[in-house]
Each structure stands twice: as C-alpha cells, then as structure tokens.
Amino acid sequence: MHDPAVPTGIVAASAARRGRGLGKAGRAIMPVLAVLGAIVVAWYLAAVWMNAPWVRDQAARAGETVTAGQVVRATMAQERPVLPAPHQVAAGLWDGVTGQKITSKRSLVWHGWITLSATLAGFALGSAAGILLAVGIVHSRVMDLSIMPWAVASQTVPILAIAPMVIVVLASMGVTGLLPKALISAWLSFFPVLVGMVKGLRAPDPMQFDLMRSWNAGGGQVLRHLRLPSSLPWLFASLKVAIAAALVGTIVGELPAGATQGLGARLLSGSYYGQTIQIWSALFAAAILAAALVWLIGAIERVTLRRMGLAR
Amino acid sequence: MNRPRPALRPVPAAATAAPVIEARGVSLTFPTADGPVHALKDVNLTIGQGEFVSFIGPSGCGKTTFLRAIAALESPTSGQLTVNGMTPDAARRARAYGYVFQAPGLYPWRTIAGNVSLPLEIMGFDRADRQQRIARVLELVELSQFAGRYPWQLSGGMQQRASIARALAFDADILLMDEPFGALDEIVRDRLNEALRALWARTGKTIGFVTHSIPEAVYLSTRIVVMSPRPGRITDVIESPLPRDRPLEIRDSKEFAEISHRVREGLRAGHSDHGDA
C-alpha cells in the first residue's frame, strides 16, 4: 500500500536536518574558527622558527647542547622573543587589561582610553566635516569642482610624514594632548564620509526629486526630508570605514617621540626597549578596540535602518 | 471610494468650461548625442475646468513629456503653454497641481499619514490643518484605517491610492497622473479606475491622465487625446459620448466598443504615418 518513496524521503529529510544540526549561528562561526585555528598554528610554527636561533646561540655560548624538544620549549617562554607566541601575547594582553590599576601607566585600559577619547573626538570632527562638505558639494557645482580634487589630494599625502609636523607645530603653539591627535584622526576619517555622503545624498531617484519640485520644495527641505534620510545606508557604511581610519590616525599621532600616553606610545616604547610582547599586546588592544567600534556602528546601523524601513 | 456620496463641490455641467490648460503650438526638443529628438511638435490643446482628459499613444509619442511640461518639469522649446492663465512654472509655485507618478514613491520611514502629510509640511500648513486634510483625503481613497501603517505593509494598489491621496492633500485643482496604474494587475486596475472616476465626480478636479491602455482611457475620460511618435504630436481628439455615470459594465456596451475602435484607428493611423515617412 505504501509508496516506497516515502521512507526514502524521510531518511533524506532527516539527513538534511542533521547537516543543519549546528544551526545558523554555528554554521556562520565554523569557517571563522577554522581560519583562526590555522592562523594560531602558523603563528606557533613561525614563533619556533624565528626564536630558535637565539636559543641555540645562548646554548652554544654556555657550551651546552640542547635537544629539539628543549629548543621548542624555550622558544615559547622568552622574555624578548623575536616573535612572541600567541599565549604570551594573550597573557600580556590579559595582564595589561586586568593585572594593573586602570590609572597605572602600565594599564592597557588607561592607554586604550587615551587613544579612544582622541579617536572619538577625531571621528566626530572628521564625520561632521565630511557630511558638511558633501552637503556643499551636492548643492553647489563650484564646490563639486573645487573641493573633490583637494579632498583626494589630502589622502595621498603620507599621514606618517604629516603627523609629526602637526604635533610639533601645535605643541610649539602650546596645544598638546587630545586635540592634535584628534586633528590627525579627523584628517583620515573625513574622506570616506565625504565620498559616501556625496553618493548617498544623490541616491534618491529622479522621480523623488520631481515630486519635491512639484511641491515647490526648497533645497533645505529636499535635504531634510529626502536627501538625508535616503543617504543613511551610505552614511553608516562610510562611518564604519571612518572610525577604523580615525583609530589609525590617532595611533599615528601618538607615535612621534615624546608621546607617553596612548596605545601608539605603548607601541613605540615597546619597540625602543625590545619589548615585543608589549608591542603585540598594544597591537591587539588596538585591533580589538577597532573591531568593537566598527561593531558598535554596525549595531546602530541595523537598528536605525530597520526602524526606518530601509533594511534589506 | 465607489459608494455614492454627496459631492464636495458642484461639478460643472459642461466639460468645456473655463480653460485651465492651454497649449498653442507647443514644441519640445531634447538635444541628444544622436541629434535632436522632437518629443513634441506643434501641439494645440485646450483643457477646460473639470475635464478628465486621457493621453494615449505608443512609447515616445510625447504624452508623458506633455504632462511634464504642464507640470513645469520640462520646458517647451517653442510655443505657448499656460496653466490657470499663468506660465507652468508660476502655476507650479502656486501649487496648481498634484502629480502622481507610475510608482507610488512613498517614503518607507513615514507612515501612510506621514507620507500624505509631507507636501503639507513642506508647504507650511499648520498641524491641526494637516490632521484634518490627511483624514479627509485618506477617507477619499478609502485608506482611513491604514493611516498608521507603513508603506511596506500595504499592497501595490493601496500604495498607489496613498500616493493619490498625497497629491490631493493640498487641494490643487489639477491632478496630473502619469500611468499611475501601469504597474498594477488588471483586477486592481479596474477597481482603481472605478474609484478614480468616483473621486473625480466628487471633487470636480481637472485631470490629465497618461496611459497606454485603450479601455482605461475610454472608461475614464471625457476626452481622449490620441498621440503618435517621431515627432510627438496629437493625431486625434475624441469627445466621449459616454454618460457621466459609468459602471464598469459600460465597457461591454456598443458605444464603448465604438470609441475604443476609433482610438485604435487613430493609433494605427499615427503609426502608418510614421511608416510612410
């Protein structure tokens, strides 16, 4: 009586279900974990390979012979390795974040906050400048022709060469601390916002502009009711790029000699004293900070666009 | 929308009352890379207060261009075009018309009421006045209970009704519609045609309506303007003998078939003109 195809169908369906056993989140995270695992393995191998010569030198100088196993073990626990092993960086990061009072100069939280505050100030400044310039460019043909080439040129100037000059010039005028770094950060972050917003403000289709014209709407009204709301997807995309660029700008601003505060200064002093673990810890602190900031903007983006009915 | 209701204002008895739109020798040429395109050539037409005029013809016949010229969204290269006795641009600034496009073009971040409110906000109506107008026009298009919904929660036909409400909200006497139902399926289209007739009868607006559907043009209009392309021009103007009160079934009548036939002949003639040229 029964169709023989039915049980086969059920088997196939349950097999498909087993394939989906990890769930959506699980399937999304598996490739990430696989890549992470591969990186960690490669990193350990590189650490052994790069740190081993020093171990052999030390042994030779002491007139000892070392086995391969001893070499490997020694490469994992040097105080100033050429390449610190992942667990050393993790320990350094953990100690920097939780092992110190957050007011201590050895605390990554303290340095991170210095960098974060300048980054946020520069990001706010740069984004505001980018949005204002984009609004000007969209409304004025003269600005469209005159600003854009300069904006592009500003980004071709090597920031590493400009940053020390900005710091030194401003310091000679008595301006130190957050502002000079924020300016360098703004310099890098205004550009993606400018480009994104010019595109976004021009995004509505011609019919929408015709409608506005049929209502005799002024330029300001078109901007407020049509251009700005429609540009939000472009704005958020460019803000994500801008905040990462702002962090890079701040760190570059912290590198010039004399800086003692911030993740950039931490990187620099680490390289002075050959404190590779300190360098890598600061590097990872900066990377984690950048990821957190980009994620935060992404979260705001998701909520805003969903509320505005602009989410895909 | 199709239930009988008392008219909001007296409907003019004769369709050829005071002229609202007058075109005298209007031509419009677009310069393109392949040389000038004559979108309109020597168009003469007078549309009176309270008329429902359809423009029908194949693509490129200039029907949309003519509607856009009336709305001051395009400028004629020669000839004279007046709207309410003014230049089209002065009429636009005096908010003489509401324009409905093929797509509803509603803002996804505004509710239906918010979308209808947008032109009113731009034109500076105060809050109480806005509320009252929104309620009135949404009732007119039978969307009152959807005022608080967002566009994506409504069907295509309902969205287009909302866009008509938006065009009506600021009480322009002229309604210009550019293939407003072109993207909708036939069943929805029939309902909206019926509703539009009723709305026109209630409000006494002057309506310019672009379409390429013969039944739609014949059913809706008091006058049908047949146009043909290259150069865009008027080939025939047909006064509809159909009665003012038109149930959908009128489309099965002999008169309806006769007018449809004449429109089709006009379209064919315009086409063969082109073939001979």
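Throughout, residues of each chain are indexed from 1 in the direction in which the sequence is written. Chains and ligands are labelled by the order in which they are written, letters from A for the one and numbers from 1 for the other. The predicted nature of this model means local features are confined to residues of pLDDT at least 70 and side-chain atom pairs, given and counted, to a pLDDT of 80 or more, with totals for whole chains, interfaces and linings taken over all residues. With hydrogens and water excluded, all non-hydrogen atoms of the structure serve as input to the side-chain values.

### Quick look at unusual backbone geometry
Phase 1: That bond from Arg 230 of chain B to Pro 231 of chain B is cis: its omega, -10 degrees, falls within 30 degrees of zero.
Phase 2: With respect to the helices and strands, Pro 231 of chain B occurs in the loop between β8 (223–228) and β9 (233–239).
Phase 3: Positive phi values are uncommon outside glycine, yet Asn 216 of chain A reaches one of about 60 degrees. Here a strand is any run of E in DSSP of at least two residues, a helix any run of H or I of at least four, and the numbering for each starts at the N terminus.

### Quick look at the domain arrangement of chain A
All names here are of chain A.
Phase 1: Note that the domain bounds reflect an automated or database-derived domain assignment. Partitioning chain A into structural domains gives domain 1 (5–83) and domain 2 (108–307).
Phase 2: Inter-centroid distance (C-alpha atoms) of domain 1 to domain 2 is 36 Å.
Phase 3: It only takes one pair of heavy atoms within 4.5 Å for two residues to be counted as in contact. Facing the seven residues of domain 1 at the interface are seven residues of domain 2.
Phase 4: The quantity reported as buried area is the accessible area (1.4 Å probe) lost by two parts once they are put together, taken as the sum for both. Carbon and sulfur atoms supply 56% of the area buried between domain 1 and domain 2, which totals about 500 Å² over both sides.
Phase 5: Summed over the three residues of domain 1 that lose the most area to domain 2, namely Trp 43, Arg 80 and Pro 81, the buried surface amounts to 65% of that side.
Phase 6: Salt bridges, as used here, are contacts in which a Lys or Arg side-chain nitrogen is within 4 Å of a carboxyl oxygen on Asp or Glu. The tally of links from domain 1 across to domain 2 stands at zero salt bridges.
Phase 7: Two N or O atoms count as a polar contact when they lie within 3.5 Å, although within protein this holds only if one can serve as hydrogen donor and the other as acceptor, and sequence-adjacent residues are included solely when both atoms are side-chain atoms. Here domain 1 is connected to domain 2 by one residue pair in polar contact (both at pLDDT 80 or more).

### Some thoughts on the packing of helix α5 (residues 108–139) of chain A against helix α6 (residues 141–156) of chain A
Residue and element names in this part refer to chain A.
Phase 1: Each axis is a line fitted through C-alpha atoms, and for a helix only the stretch in contact is used; angles between axes span 0 to 180 degrees, taken between their N-to-C directions. As a packed pair, α5 and α6 sit with axes 5 Å apart at the nearest point and diverge in direction by 130 degrees. With respect to each other, α5 and α6 are oriented oblique. Residues Leu 133, Gly 136, Ile 137 and His 139 of α5 touch α6, and the partners they reach there are Arg 141, Met 143, Asp 144, Ile 147 and Met 148.
Phase 2: Put simply, Ala, Val, Leu, Ile, Met, Phe, Trp, Tyr, Cys and Pro go in the nonpolar bin, Asp, Glu, Lys and Arg in the charged bin, and everything else, Gly too, in the polar bin. The residue inventory of the contact of α5 with α6, partitioned by class, reads five nonpolar, two polar and two charged. The labels follow the angle: roughly parallel below 35 degrees, roughly antiparallel above 145, roughly perpendicular from 65 to 115, and oblique for the rest.

### Some details on the pairing of β8 of chain B
All names here are of chain B.
Phase 1: Each residue gets one of three labels from its accessible area relative to the maximum for its type: buried under 20%, exposed over 50%, partly exposed in between, using a 1.4 Å probe on protein chains only. Most of β8 is tucked away, with six of its six residues classed as buried.
Phase 2: Burial along β8 is two-sided: Arg 223, Val 225 and Met 227 and Ile 224, Val 226 and Ser 228, pointing in opposite directions, are all buried.
Phase 3: Across four bridges, the pairing between strand β3 (residues 52–56) and β8 is parallel. Across the sheet, the residue bridging to Phe 55 is Val 225, located in β8.
Phase 4: DSSP calls a pair of strands paired once it identifies at least 2 bridges connecting them. Sheet topology note: the β8/β9 ladder contains six bridges and is antiparallel. The residue of β9 that forms the bridge with Met 227 is Ile 234.

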